Amino acid sequence: TYLTLIHAVFCKSLYFMNLDKTKEEITEAAEKVLEDGECGKVFRVKGFLKDKEEKWLELNATHQEIRTAPIPEGQEVVTVIGEEMNEAKIRGYFS
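In this text, all values refer to a predicted model and were calculated from it rather than measured experimentally.

Re the environment of tyrosine 93
Position of tyrosine 93 relative to the elements: it lies in helix α3 (residues 87-94). Given a relative accessible area of 27%, tyrosine 93 falls into the partly exposed group. Residues tyrosine 93 and alanine 30 lie 63 residues apart in sequence; the distance between their C-alpha atoms is 8.0 Å. Discounting residues that sit within four places of it in the chain, tyrosine 93 has contacts with Ala29, Lys32, Val33, Asp36 and Cys39.

In structure tokens, the structure reads:
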């Protein structure tokens, strides 16, 4: 579709694997990345992480809301999606 083409041409994705962070630390980092204009035009942060009981959660963060929901299984990864992103600035929030 047209929107898929726009996304493929203009959007960039940054991936962060196997973060040694709690659910709270990751959701806080996602919120800061979305709010910090120096990070670029960040549209969404999504991914999979484990909670304190080692159960999988799906993360879906946008400017409107940050949501986590249980899922049966996953892989520890966080993806930041946007345009003109400052990778070093974003990486700082997740390191």
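What about the nonpolar core?
In this structure, Phe16, Val42, Val45, Val80, Ile90 and Phe94 are the most contacted members of the largest nonpolar core, which totals 20 residues. For this core, the secondary structure elements donating two or more residues are β1 (12-17), α2 (23-35), β2 (41-50), β3 (56-62), β5 (77-83) and α3. Per-element tally for this core: the top contributor is α2, with five residues. Not counting residues within four places of it along the chain, the set of residues in contact with phenylalanine 94 comprises Phe16, Leu19, Lys21, Ile26, Ala29, Ala30, Val33, Val45, Val78 and Val80.

Rules used in this analysis
Residues numbered from 1 in each chain as written. Predicted model: local features only at pLDDT ≥ 70, side-chain atom pairs only at ≥ 80, totals over all residues. Heavy atoms only, no water. Helix = DSSP H or I, 4+ residues; strand = E, 2+ residues; numbered from the N terminus. Buried < 20%, exposed > 50% of the residue type's maximum accessible area, 1.4 Å probe, protein only. Contact = heavy atoms within 4.5 Å. Core = buried A, V, L, I, M, F, W, Y, C linked by side-chain atoms within 4.5 Å.

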